[in-house]
Each structure stands twice: as C-alpha cells, then as structure tokens.
Amino acid sequence: MTDIKVTPLGAGQDVGRSCILLQMGGKNIMLDCGMHMGYNDERRFPDFSYIADGNLTESLDCVIISHFHLDHCGALPFMTEMVGYSGPIYMTHPTKAIAPILLEDMRKVAVERKGETNFFTSAHIKDCMKKVIAVTLHQTVQVDSEIEIKAYYAGHVLGAAMFHVKVGNQSVVYTGDYNMTPDRHLGAAWIDKCRPNILISESTYATTIRDSKRCRERDFLKKVHDCVDRGGKVLIPVFALGRAQELCILLETYWERMNLKAPIYFAVGLTEKANNYYKMFITWTNQKIRKTFVQRNMFDFKHIRPFDKSYADTPGPMVVFATPGMLHAGLSLQLFKKWAPNENNMLIMPGYCVSGTVGAKVLSGAKKVETENRQVIEVKMSVQYMSFSAHADAKGIMQLIQYCEPQNVLLVHGEGVKMEFLKQKIQQEYGIDCYMPANGESAYIPCKPVVPVDVSLSLLKKEMALYDTVGAPDPKRPCRMHGVLVMKDNVLRLMEPEKAFGELGLNRHAIRFTSCLQLRLPGSASRAMDQIQLILNSQNTNYPVKPSEEGVLNLESVSIKMESTDKEDRKSMMISWALQDEDLATWIMSSLRQVIV
Amino acid sequence: MAVLKKRALAEYSQVVQEEACSKPLQLMKKPRLSSLQLEDELVADTLERLETNDDLVAYLNYIQRKLPFHADDKVVLMRKLIETYHRSEQSHIRLKIIGIVGDFRKIPKFEIQLIINEVIKLLSMETSHKVCASMISVLSKLGNLLVCDSPLLNKIINIGMQLLNNSSHLVKCHCLSLLGGLSNTTNLQGENVKHICKFTKSQDPRVRTAAYDALLRLHDRGQKLELCVYTDVCSALQDDNENVRQSAMRIVWVLSHTYPESCVMIPGCQDEVHLVDDAFAKLCQAIGDLSVNVRTLAAELLGSMVNVNPHFLEQTLDKKLMSDMRRKRSAHERHWETVTSGEWASGARWADDKPRENLDAESVSLIHSGACGAFVHGLEDEFMEVRSASLDSLCQLALSNPRFATLSLDFLVDMFNDEIEEVRLKAIDCMTKISHLIVLREDQLEIILGVLEDSNVEIREGLHRMLGACRLSTKACLKICVQTLLDNLKRYSQDKRSIWRCLQSLGSSHPNLTLLLVPELLTVHPFFDMPEADVEDPSYVCVLLLVFNAAQFCPQILSLFEEHIRRHYRYLRDTISNFVPRLQLAGVEDMETQVDFDTNTNYFLQNVMSRLNQPTSTNQIKVWDAACNDLIRLAQIDSNLAHGVELLATQLECHILIAKVMNSPAWIDSSSLNAQDGDVVKNLIDQLQRCSLRLQYMFSNLSTEEKLLIQSTRLQAMAIQLVYIVRASNTSALALSDHFVSRVEALKGYGNLPSFAGCIVKEISRLEDTKPGVLSRILLPILQAHIYVAPFCLPAKAFKVNAEILEPTGESDNPQKFLAGFVLGVVLDAEIQCLAHPEYLRVRVKYPDLNAQLIIPQESHLKTIKQYAQSELNENITVVPEHRLRTSVLVSHQVWTESSHIELSLVLDVTEPEVPSALKRWRGFSEDSFIIELCKPVRVLVSPKPIKRGI
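No experiment lies behind these values; they were computed from the predicted model shown. (Residues numbered from 1 in each chain as written. Chains lettered and ligands numbered in written order. Predicted model: local features only at pLDDT ≥ 70, side-chain atom pairs only at ≥ 80, totals over all residues. Heavy atoms only, no water.)

Draft legend 1. View of the overall build of chain A. If you tally the helices and strands in chain A, you get 16 helices and 30 strands. Here chain A has a C-alpha radius of gyration of 35 Å; the compact-globule value for 597 residues is 25 Å, and the former is much larger. Taken along its principal axes, the extent of the C-alpha atoms in chain A is 125 × 55 × 45 Å. Taken over 597 residues, chain A has a buried fraction of 55%. Counted over contacts in chain A with a minimum sequence separation of 6, partners at least 24 positions apart contribute 69%. Of the roughly 26200 Å² that chain A leaves accessible, carbon and sulfur atoms contribute 51%. Here chain A holds 69 positive side-chain charges and 65 negative ones, and the gap between their average locations is 6 Å. (Helix = DSSP H or I, 4+ residues; strand = E, 2+ residues; numbered from the N terminus. Rg over C-alpha atoms; globule rule 2.2 N^0.38 Å. Buried < 20%, exposed > 50% of the residue type's maximum accessible area, 1.4 Å probe, protein only. Contact = heavy atoms within 4.5 Å. Areas by Shrake-Rupley, 256 points an atom, 1.4 Å probe, with all protein chains shown as cover. Lys, Arg positive; Asp, Glu negative; His and termini not counted. Charge placed at Lys NZ, Arg CZ, Asp CG, Glu CD.)

And the structure:
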C-alpha cells in the first residue's frame, strides 16, 4: 500500500513513446501518452492492453501530458477514441492549443502520404481534445478527492510543464522534457522545494555537460552573416516546432541589431498556425520577450516572410527555413538540390540526423549525394552543424534534483548505458536511491508510511505560547506537547484534554501522587524552603521554580510543601505531582535526597 | 479705497459661505479640519466629539499630515491622543495613534523622554500584537535619538529583550530590529549578540530573517561579530526561506571580510582553507539557487571579495565539459588551440567539437563543488538582473587580478551577444574598465569588431570607447581594427566624431604598431607618387588622425610624411584642433609662432588685468568697455584661457551695466521720467538681469571666493532691480524683496564676503522689517558706494558650459512631413561640456509663429560620458565633464501651407530657482529673461500636412 509503483510503457531506458504508468495510494495515473516515430507498426503506440483490455476509463484515474511533442502526446487520440478512455486528461493551455495541429499533421502524413488505414481521424483528434482539461502554471488542480496536480515551468518548448502529482501524503514529480538553461524564447525550468517521494526525470543528456550557449549562437550568427554578406543563400532545415522559433527569434533580433536587409523566408506550413499561438502565450516565454512585447511582440517577425517556391531561383542572398529537418524529403531537399552546387551557399543543420538520411550523409562530409531517383548531387556548399537542443544536461538534471530534493529519483527518456552513469552519480552525490526501469518493467519504490494526525489549532497555539514564553528558541530543548490522541472514523486527532473529554462525554480524572520526605534542615520552615528553591534553581534551568503564597513551591505540576515537625532540625517535605510530571518529580526527589538527606 | 471695499466684500462673502454650510451634518468637519490652526481646544473637542470610527481615523490622518506643526500645546495634544487611545476598542485606531505619537519626535525640541515613557506605559497594557509591534518600532526610532548611555535607552532595550518571548512573530521581529539598532556596541560582551543568535534558530522564517538582519545591523554599528557564528550561518544558507538565505549570505560576506585569514575545516577531509575562500565558495554555490533574488545577491556580493585565493577565483570560470562520458573542450578552449596551432578553423567540419579522451566515471563530479563555474552560470542565467550583477562582479574581480581579467575576457566578449541591450552595454563598459589589463588577440578582436555593425548608437559608441582604451597585440589587429572602423563610418556616418576620438586614442596608445602600417594606410610608395587623397573624405581624415596621434610618440612617422600630408596636417590642426596633437614637423615654422603666441596672450591678459585693477578714473566705464572687448576677442583667440576670460568678460559686462544704470537718473526717480529715458533704464536693467544670470549659471569649477564674487554681483543686480521697482514703478515689490532677503540670508554663513555682499548682509541682519520701502532705503547708499568697486581676478580653472548640436545639422533641405496636430520626433544629438546644472537643461523649440516651447529632456537621455582613455593617458589634464543628450524632440503644429523652419536650441531654464512662486504672477518678468541660451539654434525644415479625410 505504501509502495509507489512506476511502470514505463515507453521511454524506459529508451527515447520516444513516452508513457509512464504511476500507481500510488491506490490511484493509477498515466504520465504522457506518446508515440514512437521510428516504427510504423503497432510498436509505435504504447501497449495499452497492459493496463486493461478494452476500456481504460475504469483502470485509469487521469492522464497528464507534459508537452506537445508527438513522442509525448502522439498516442492520445488513439488511446481515447480507439482504445477507449473518457477520464480526465490534463495539459497546459499552449499544449492544448498546439498539440492538435501537430497531431493533424502527423495524421495527414500517415494516412494521406503513406496510405495507412486503421489510423485515427480528424474527428478523433477533435473529440480527444474535448476531453482535455487545461491547467495554468502553479495552479493546484484537484482531480478527485485525493489526487492533486500542479504544473511547473519546464522550458523545453512553449507550454512544456513538469507535473507534481500528489495522492494523500505521497507525491511524485514528473518532469517531461525540460531545459535548465534559458534560450532565446523560453526561460529555464523551475521548481520549488516540494520534496516529492519520487522525481521522474528525463535523462536524454545524462552523460553530457554542455558548453555555454552563447558561443554556439555567436558562431551560428557569424556564419549566416558572412554567407549573406558574400551573397550566398543559407538553408536551414528545421523540424516544425520548437527550435524553429528559437532560431527565428535569434536571426530576427540579429537582423534588427545589425540592420541587415537580406530576406529571411520561412517555409513551414503548419508553423504559421503555431506562430499565432506563440504570439498569444507570451507569459510562457522568457524575460526579454515578456518585457518587450508591449512595444513589439517578438513573434511578429519583421524580417521573416513566408516562402514561395518561385523565390528559390531569385538571385541574391537569402536565408530559408524549410522542413523537414533531416533533408529526407520535401521542400528542404528540393532547395538543397538547387543550392548545393554553389560554393557560396551554406547549409546549417541545427539538430540531429538519423543515419541514412541525406542530412546525415552531408554532415559526415559526403561530397556527392545520391537521392531517391538515382540523381547525384554535387555538394559544394559549406555544411555546418549547430546543435540547438533543449534538454537539460547532466549538470542541469543534478541541479533540478537539488532544487526539489526528492527522496528517490527515477530516470526515463534516455539510453540505458548513459542512465547507468547518472544513476551512480546521483546515488553517490546525493545519497538517494535511483531507479531506471526498462519498458514494461515495474519499479516499486518503498515509502515510509506516514500517519497524519490532526492537531487542534487552539492546542497548538497554547503549547506554542508556552514554548515561546520560556525563552529564546533552542533546537536542543525538547518541546513536549500535552494532548489526548483520539481515533475516530479512521482519523487521528490530537486534542486538548478538556475538549476530548467533553466530546466523549467522560468525566476527567486526574491522578496525583504524594510523597513525604524527612529532612534534616536547621532553621525555620520558610528558610528551608528558600534553600530548596536555591538548590532546584541551580540545577535546573529549563523549568523556573515559582514560589506561591503559603510557602508552596511550584514546578510545572509538582508542588513542594514543608512542615516543621516537633524536633527542631527535622522537617517533613511533602511533594505532590500529577501523572504527566512523574519524571520531573522523580528527578527532584532524587536530587534533593542527594544534597540534603 | 477700492482695495478696502474689495477686501470687505471678500470677507463678507466668506462669512456667508461658512454660515450657509456649517449647519448640515458632520460633513462640515472637513473644512474645519483644513483650517490651518490646530488649537488644543479644537483637538480636545474634535477628538471627543467624533463618534464614528471612520471620522476618528480621518481626523487622525489629518493630524498626522500636519506634523510636524509648531503649535504650542503639543503636550496637551498628546494627552488627548492617549486618552482617545484608552477609549478606543479598535486596534487599528490604537495603531494609528501610536504612529502619530511616534511622529511627535519630528517636532523640534519636543521631549522625547516624555513620548518614550508614555509608550512604555501603554505597551504594558496592550494586547494586540500589531499595536505592540508598532509601539516597539516607535520605541526603536525614538531610541535612536537618545544619547548613548541614557538609562531610558537601557530601559527600552530591556523591554525589547523581554518581549522577544512574545508569541507573535511580528513583535519578535520588531524587537530584534530594535535590539540590532539600539544595543550598546561598545561595552557589550556579546551577551545580546548571543541572545539574538539564538533567534536565528526560531521556527518562524520571518523571525530568523529579522535575527540575521539584527546581527548585520549590529555589525554596521561597529559590533564585531564572532567567528563562531560562521558554521551556523553557513547551515542557514540551505534554509528553505529565501529571505533567510539572503540575510545569511550577507552575514557570511561580512564575516569573510572580518576574518579573512581564519581557517575553516572542510567537512569530510582534513584540509583547511581560509575563511574568505570558503565563504567565496559558499556564495558561488548560491549562484545556482532556486530564487532569483538570492542569485542576484550572490552575484553582487562576489564582486567585493577581491582578496580571495586566485585559484578559487579562476575556478569560477571553469566548467568541465563532457559529451557522452568523454571529455570535451569548450568552444573557448578550441578556439584558443586553433589560434595557437596556427591553424584556422575551416568552419566546414561536423563535430569538430567532438569529444576526445574518455573520462573516468568516478572522477566526474556533477554538482558544482566549491566555486566551480559560478560565473559561467551567473552569466548564462535566465534573468538579466543576475547576469548584469555577475558582469559587475566579474569586472570588479578582474580589476584586482590581471590573470583573472585575461581569463574573463572570452566570457565578456560572449556577453556582447546577450539578448538584452542593457546587458550588452554593460559588458562593453566592463571591458572598457579592464581594458588596461588585457591584450586583445586577433581572433578575439574579430568577434568584438563584429559588434560594430550593431544598429544601436550606444553600443557602437561604447565599443569605440572600448577600442580606444584597449591594447592590441599585433599589427594585424590594428589593421583590422582600423578597417572595421572605416567600414563602420561608411555605414553610419553619424559616428564620425566618436570614431575620430577612438582613432585618436588608438593612435596615441599604439605608436609603434601604427608606424608599421603607415605606408599602407597613407598609400605612400617609395618610387611612385600616389594620387593625393581628398582631405574632406571622412575616412581619410580618420586615417590621418590615427597617424598624427601616433606620430607624437613616434617621431619616425614624421619622416614618412609627404608634402600634401603636411598640408593636410596644418589644415586639420586648424579645423579640428582637439583631435590633432601638435607635431614637431621639421621645416614647418608654426611651432615657434605657437610658443610666441602663448606668451603674447598671457602678457596681453596681464595688461588688461592691470588696467582693470587700477584705481577708478573718471571715465571708468570706457576703460571697462575697452577691456571687455579685449577680453572677448582674447577668448576667441586662445582656447586655453577662453573659459576663464569669458567669465571675466561677463562679470565686467555686468558691472558696466550696473554703472550705466546707476548713472542714469531715471532709475530711482519716476517723476522726472520722460518715456524714452525710462525705456532705456528698463532695457539696461533687463540686460543686467540676463547678464548676471549667465554669470551665475554658465560657469562651474570655481573656488568659493570666485563663487561669492559672482553671487555678490548677482545680488547687486537684484538690488538695482528692487530699488528700481520700488522707486520708479508702481508695482508691488513685496515678493521680490522677500526673495532678495532670502538670497542674502543664504550668504550669511560665509566669512570674507566681497565688500558689497558683506555690507548688505550686515545691514539686513540688523533689520527687523523687510518691507520693500525700508529695504530700498538701505540699499540705495550701499549701491551707490559700490558702483565702481569690483575686484577682478581671473578664475583660471573655470569652465563655461558649452553645447553643440551634432544632429540635426540644419543643412537638410528636405522637409520632414507629418500630419498636422500629430507629433513628429526630431532626433536631437548634442554634446554639452561642463554642464553644472543638468536639472535646468531644456530643449527649446521655436515655431515660425514665434511660439516657443521648452521641453525637459528625459533624464535617461542625458548621459555623462565616462572618459577612461583620456584621464589615463595624460593625468595632468583635468577632465572636462561631458554630457551627451540624445533624444527625440517632439514637434507638433497645426497645418501650414508650405514647409517652414523651426528652430531647436539648448537652453538653461533658471525660472525655477530664480523666480519664487509668489513672483510668478508678477508681470515684470518676461519668461524669456530667465532663459540662458547655450548654443546657436539649429533650423529644421518641417511641414505639417492636413489630414486626409476618407481613408
């Protein structure tokens, strides 16, 4: 019952198809529901039959989507519409706005180009999105009476979020993809010290510490600038969303700063729609854009215009962003064919290329590239590689762990070998447990059971006041609290005794013990009392000894009284104490005995 | 008679009004409250009569606003307030009253002890925590006014100690700040400190923060904090509350300055490090904190820890890179290697940053231990506050450690590419500051020069300053530098002056490198005569400036000059003399004449001075007039003396005017006045005013005596005006005389005043009544006694304010069009030297219909230019403070039929200090007479077009 069970259905020691099943406190939560871009068979979707056959609504309490990349949300329509799930789905507002665009695009490619059947339809995407509940950053959402989720900024793409999921006393933070260094359009991931039981972190760059971004940016800009200056054309193949915006902003501001006139074209159909959303969700961007958007929205590009195919042959310098990112098809490949033979032109690859694509061949230095129809292209243009990736590096991951101080870490979304290294490091440097389950493998994370007790406010205040009046705070001094523990209706409550008795309808009985000591002390009874007070005061600093009238000394509930007997120097000392001060009384007796008797 | 009637009427109408409105309701309370007198019956009455709490609060607010007042029965008022306090059940009213009672300390000569005793009395009975807390803060404010050893102070401190045990955090916090602010720091044996220290362990973060702040306060007041708190404070750096972390960081910083050399054990091993190093590492760690405020503070504090071990310091720029478990070099390192190996990056390789050796998994530490990479992180931070604080600190540390400066160079250059302009500017500024410590390599220079294409003027000019101040390593560096600057000039011709200045200092700081480039730059060929370049060509002038300035330190260059270059030298020396140094060109005789010329002017000046200081003659005015003309001419000739001579001339002009006025009979006698004479005098007085104002506001860098002399002349001018108005006109001079008296009183404190001012001060202090009539009667004889008395001396160091509008140039014939009724922004770029009163600077826009507008330039548009380079090169030259105004002047007008000129000029508007508010209505002043022109107006052609209807 107290264990938390985490089962990756995808992204366990792997990148792509993020889908993690979380079971805690008797609740089942799905974190992300992505698809694998590398497969075209049923392997591209997570194995939902693992959860239940048929309808999932019964067995899942909620689904949380971290951001709009397809490897994190691509399987969502399939799951809700084709497998069947009608429970709540949570994502941030920008994700909810942009995800359907990407899903639709992917559907088109799959169905219309590749001619696949048994794929979800546009209507499915629409219906699926209707089930989505959008959340705002730092908003606490109550899913049901027990599950509570809260989103934090992740900085990976617009609207990317980390989610803090809480069930009862247990909590988990799921990071999705995140970035700890700010870039040109997004800020850095941030989380407060929420001390969850588990931090489920991505680990794409588990074994990398990256260089400052500024050098890379400067290099990039300088190369583009030089090429444009000598009249060349620059081709930048990009993926549809995310980095494209960053590069656009980078070039746009540079053009502005340097007062450059060469045109920049943007040839990414679906990005235009997405750009509108970028303009709207200004609060999700970085400091600079947020500060200046009143004067000018940075996504209102002044220098960047939409591309038309006729521009490809216009003479003079230009910069073109074109999809797809790996040069394997589409406009980017067409432009590449046209421009490659001219040594003035330049190709900048801003991201990773899968081996086998034209992009990868060109990057590895091939001077002649063969395309699908046996056509050979001579590559004379200069080819640059610039990595602009928005994942946290090893240092960033460690920093996030430091920020939120989890009790356990669980790594997903990365290669197993690399995870191994990071796992070691985490265990070594933070001394906390680290897990890295593979796909379909469950990790059971033991958690200490916590028993919550409600303390009545008045009792707390009363005891606090007592504590405060004693003196300066001292972490070493124990602070005891007197109350009655009441178990009722499966709830534990700590109450003031009077109240508890009142509630239970019982009469209160107090037990007092009384004892008598015979002492040999010269002088009158009051002098003897003074002497005892001195002794007690000198030995005991925590409890002030208060003399009351009629010659009685009070110490908490212990009271001491002296009576003269018939003989001159013999006194009988009466001590009386209540049950709760048994210890104190014993201590007083023994110490007095030592000194006086 | 008429006046009497009017007054009576006025009073009558007032009475009626009061009667009419005093009946209804309590609303009337307000006019009564606003009556200026605050008599104690009124207070007593009002305070007792006010029934609703809202009224009471309003009234209390009123009292508080009126404080500090000079009523007599403040004590009674306080009693009443305290009575009200006892009556009121609402805590917010009690809170207000306590606030007011506390504010009584502002009343001069009020007995503080009384307030303190009252507050202490009240405090013992108070139950509301908020009121208690406010009482304590009142006590702590009052306690600050007490003498050090007074028993009352001890009483307050004791109360503070007792109330620390209060259950409310608010009370505790205020008690702690009271203890921090008042505790005796001299004979205290750390007892209070220990007690306060205990509260840093409180469970309430607010109390913890207050405790640390109290410790800081004690430190500021001279109590040395003990070393033993260090470990505790360090653990507080991990506190959950960011305020606690911030305060703790400040303490760590304080300790690191107090005990830099003490040793601290490193947990986990046996090594010891100096406390300053340990603290530095701790603060560096805070740069990775979760809260922006903490990060900013950490970045700020690092800057002042200059005595930290260089080893630690260098670590802050170190970030071990790795890729896929293999060590990787940073771009900076790679760059450095390509440079040192002589191989240039081909720019065509993929993964030329590919990782090299394999790393041992054990040896990699991922959480930054110690100072590692602190500045790398700080400069990459998401928030510009952190980045700019990091830049400041980096610069400060680099200034004290040359090796670190060299290391930090790459990072500073990187920051030139920041997304926020302020940060970029700051990076350039920082670079300028440390430029004397570093030598730029070619590859670095290339990156820096790339920024010269920035479209922002500030950035470019900042960079020009930086380049002017830096040191270049090779000839090639200088060459690309010059080339890029010339490109820059081609692109942005408005940068001309800035580039000139840059090349001037580049030349004078790199004479030997320039020597190598001279043939190339000047296209000198050993055999062929090359075509002579056009001396009006801006880029050729740039090259010449570089060469000439280098030639003053490297005589070999002189021998390379051809005839036409010598000619150009003479031309430039004449036209832009402040950019061209004096060269000893063989065969050019102007060197000798220059020297002769110098002695001539000095001799001439002495001559004039001696004539001035001769005993008065009968036609003194003529003597002065002649001298004045001489001086004005002299100022035009000799630029070295110009400022002082001009001051002297202006002063002389004032005295000539004074004498002229006094000699004309019309100025004190309106009866004999024929209209023409009257106008003449009026004009003269007006001129005198302007002249004396110019004297007062245009010059700076004066000694006290010189200032007093100017003040005295100004007083004389004012006195003449005052007497004229009293005697020869029928306007009221009441406000004017008050103003005059206040001016005289301001002079009272000074010893050895000039004779005129001295006399006036003496007379006025004797005077009880300062009615204009009386005043003028006294002034007249003094004035007459001082007509010709004016001790002149030459204020050699004086500066005269001088403005030059660089843009618009006034040469453009293309009208700027805009829609009538809308605004047009005309870009104004001006340099102002020696501006002593930036607050009075205005831009005046004169329209063709003679309407004039004064525009206050935005404060941020007026910038002081820091001149690092010049002050460093020749220290004996006093650096002239210089301002740069770059703003856009908003112009608007209704429609004109054709385009027409408007005039822009810079002026000083001294209406504010010179015309007291009571005088503003007085017609004797035209507003114009309080405006001092600083430069010739520039004409701009504009044409407001009618709005097109329809679209």
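Draft legend 2. Seen up close, the pattern of salt bridges. For the structure on display, the rule yields 52 salt bridges over all chains. A salt bridge links A:E104 to A:R107; the shortest N-O distance between them is 3.0 Å. Of this pair, A:E104 and A:R107 are both found in helix α3 (residues 93–113), 3 residues apart, which corresponds to roughly one turn of the helix. The class for A:R107 is buried, based on a relative accessible area of 10%. Here B:R387 and B:D418 are joined by a salt bridge, their closest N and O atoms 2.9 Å apart. Of this pair, B:R387 sits in helix α20 (residues 384–400) while B:D418 sits in the loop between α21 (402–415) and α22 (421–434); the two residues are 31 residues apart in sequence, bridging distant segments of the chain. (Salt bridge = Lys/Arg side-chain N within 4 Å of Asp/Glu carboxyl O.)

Draft legend 3. Up close: the interface of chain A and chain B. In this assembly, 62 residues from chain A lie in contact with 67 residues from chain B. Between chain A and chain B we count 4 salt bridges in total. The partner of B:D414 in a salt bridge is A:R218, with the nearest N and O atoms 2.3 Å apart. Our enumeration of links across chain A and chain B arrives at 21 residue pairs in polar contact (both at pLDDT 80 or more). Listed by contribution, the elements that provide at least two residues to the side of chain A that touches chain B are α5 (213–229), α6 (243–258), α8 (287–292), β19 (382–385), α11 (394–404), α12 (416–430) and α13 (457–470) of chain A. A per-element tally of the side of chain A that touches chain B places α5(A) first, with 9 residues. Among the residues forming the side of chain A that touches chain B, the class breakdown is 23 nonpolar, 17 polar and 22 charged. (Polar contact = N/O pair within 3.5 Å; in protein donor to acceptor, adjacent residues only side chain to side chain. Nonpolar A, V, L, I, M, F, W, Y, C, P; charged D, E, K, R; others polar.)

Draft legend 4. Representation of helix α30 (residues 563–575) of chain B within the structure. Residue and element names in this part refer to chain B. For α30, which comprises 13 residues, the first-to-last C-alpha distance of 19 Å matches the rise-based estimate of 18 Å (1.5 Å per residue) to within 8%. Residues of α30 that are buried: H564, I565, R566, H568, Y569, L572 and R573. Residues of α30 that are buried sit in contact with α27 (511–522), α28 (538–551) and α29 (556–559). (Expected span 1.5 Å × (residues − 1).)

Draft legend 5. Highlighting the environment of B:I428. All names here are of chain B. Within the secondary structure, I428 is located in helix α22. Taking C-alpha positions, I428 is 6.4 Å from G462, a pair spaced 34 residues apart along the chain. When sequence neighbours within four positions are dropped, the list of residues in contact with I428 reads F416, I459, G462, L463 and M466.

Draft legend 6. Structural context of unusual backbone geometry. Here the bond from B:E807 into B:P808 is cis, since omega is 0°, no more than 30 degrees from zero. Assignment of secondary structure puts B:P808 in the loop between β9 (802–807) and β10 (816–819). The phi torsion at A:N118 lies on the positive side, around 55°, for a residue other than glycine. By secondary structure assignment, the location of A:N118 is in the loop between α3 and α4 (122–130). A:N118 sits in the exposed class, given a relative accessible area of 65%.

Draft legend 7. Broad picture of the packing of helix α5 (residues 74–87) of chain B against helix α6 (residues 91–103) of chain B. Residues and elements named next belong to chain B. Between α5 and α6, the least distance of the axes is 9 Å, while the angle of their chain directions is 160°. Between α5 and α6, the angle falls in the class roughly antiparallel. Crossing angle aside, the handedness with which α5 passes α6 is left-handed. Every residue of α6 that contacts α5 at M78, L81, T84 and Y85 is listed here: R94, I97, I98, I100 and V101. Looking at the contact of α5 with α6 residue by residue, the classes come out as 7 nonpolar, 1 polar and 1 charged. (Axes fitted to C-alpha atoms, helices over the stretch in contact; angles between N-to-C directions. Parallel < 35°, antiparallel > 145°, perpendicular 65-115°, else oblique. Left-handed = near helix turned anticlockwise from the far one by under 90°.)

Draft legend 8. Spatial organisation of the pairing of strand β15 (residues 318–322) of chain A. All names here are of chain A. Burial analysis of β15 places 5 of its 5 residues in the buried class, which makes it a mostly covered element. Neither face of β15 is left uncovered, since the one carrying M318, V320 and A322 and the one carrying V319 and F321 both have all their residues buried. Pairing of strand β12 (residues 233–237) with β15 involves 5 bridges; the strand directions are parallel. Within β15, the residue paired with V234 across the bridge is V319. Direction of pairing for strand β13 (residues 264–267) relative to β15: parallel, over a ladder of 4 bridges. Opposite Y265, over in β15, you have V320 as the bridge partner. (Pairing = 2+ DSSP bridges.)

Draft legend 9. Representation of the sheet that holds strand β22 (residues 443–445) of chain A. All names here are of chain A. Spatially, the 7 strands line up as an open sheet ordered β6-β5-β4-β3-β2-β1-β22, and their pairing is mixed. Taken across any chain shown, the strands that pair with only one partner, and hence form the sheet edges, are β6 (132–135) and β22. Between one strand axis and the next, the sheet turns through 25° on average, direction left out of account. With 4 bridges joining them, strand β5 (residues 89–92) and β6 adopt parallel strand pairing. Of the residues in β6, the one forming a bridge with Y90 is I133.

Draft legend 10. Structural context of the state of the cysteines. All names here are of chain B. With the rule as written, the count across this model stands at 0 disulfides over all chains. Looking at the unpaired C542, the closest cysteine sulfur is the one in C502, lying at 9.2 Å. For C542, a relative accessible area of 0% puts it in the buried group. Unpaired in this structure, C935 has its nearest cysteine sulfur neighbour in C834, at a distance of 14 Å. (Disulfide = S-S within 2.5 Å.)

Draft legend 11. Representation of helix α14 (residues 242–258) of chain B. All names here are of chain B. In this model, α14 (17 residues) spans 24 Å end to end at C-alpha, consistent with the 24 Å of a helix rising 1.5 Å per residue. Here α14 has its buried residues at V244, R245, Q246, S247, A248, M249, I251, V252, V254, L255 and S256. In this structure N241 caps α14, since a side-chain oxygen of it lies 2.8 Å from the backbone nitrogen of N243.

Draft legend 12. Expanded view of the nonpolar core. Formed by 182 residues in total, the largest nonpolar core has its most connected members in B:F104, B:L472 and B:F561. Counting residues per element, this core draws most heavily on α28(B), which supplies 11 residues. Each of domain 1 (46–230 + 243–255) and domain 2 (231–242 + 256–328 + 368–437) of chain B accounts for three or more of the residues forming this core. Each residue touching B:F561, except ones within four places of it in the same chain, is listed here: B:L522, B:V547, B:F548, B:A551, B:R566, B:L583 and B:L585. A:A97, A:L247, A:W284 and A:V409 belong to the second largest nonpolar core, which has 139 residues in total. (Core = buried A, V, L, I, M, F, W, Y, C linked by side-chain atoms within 4.5 Å. Domains from an automatic or database assignment.)

Draft legend 13. Quick look at the side chain of A:K288. When you line up the elements, A:K288 lands in helix α8. Buried charge A:K288 goes without a salt bridge, the closest partner of opposite sign being B:E421 at 6.7 Å. Reaching out from A:K288, the side chain makes a polar contact with the backbone oxygen of B:E419 at a distance of 3.3 Å. Contacts of A:K288, omitting those with residues within four sequence positions, involve A:M298, B:E419 and B:I420.

Draft legend 14. Representation of a nonpolar patch on the surface in the model. Residues and elements named next belong to chain A. Where nonpolar side chains cluster on the molecular surface, the patch consists of V451, V453, V455, L457, L460, M464, M481 and L485 and spans about 660 Å² of accessible area. At the level of secondary structure, the elements contributing two or more residues to the nonpolar patch comprise β23 (453–455) and α13. Counting residues per element, the nonpolar patch draws most heavily on α13, at 3 residues. Structurally, M481 is set in the loop between α13 and β24 (484–488). (Patch = residues over 30% accessible without salt bridge, like charges linked within 9 Å, V, L, I, M, F, W, Y side chains within 5 Å.)

Draft legend 15. Region of the structure containing the sheet that holds β23(A). Residues and elements named next belong to chain A. Within the open sheet, the 3 strands sit side by side as β23-β25-β24. Their pairing is mixed. What marks the edges here is a single partner per strand, and that holds for β23 and β24. For this sheet, the mean angle separating the axes of adjacent strands, direction not counted, is 30°. Sheet topology note: the β24/strand β25 (residues 491–495) ladder contains 5 bridges and is antiparallel. When the sheet's bridge partners are listed, M487 is paired in β25 with L492. Packed onto the sheet, helix α14 (residues 497–504) meets β24 and β25 and runs at close to 125° relative to β25.

Draft legend 16. Region of interest: the packing of aromatic side chains. Applying the stated criterion across every chain, the model contains 19 aromatic pairs over all chains. Summarising the aromatic geometry, the rings of A:Y265 and A:F307 are spaced 5.6 Å apart at their centres and angled 65° between planes, so their arrangement reads as edge-to-face. Of this pair, A:Y265 sits in strand β13 while A:F307 sits in the loop between β14 (304–306) and β15; the two residues are 42 residues apart in sequence, bridging distant segments of the chain. One aromatic cluster is present, built from ring pairs that chain together A:F45, A:F48, A:F78, A:F119 and A:F120. The ring of B:Y492 has B:R460 sitting right over it, with the charged end atom 3.6 Å from the ring centre. (Phe/Tyr/Trp six-rings, centres within 6.5 Å; stacked < 30°, edge-to-face > 60°. Lys NZ or Arg CZ within 6 Å of the ring centre and 35° of its normal.)

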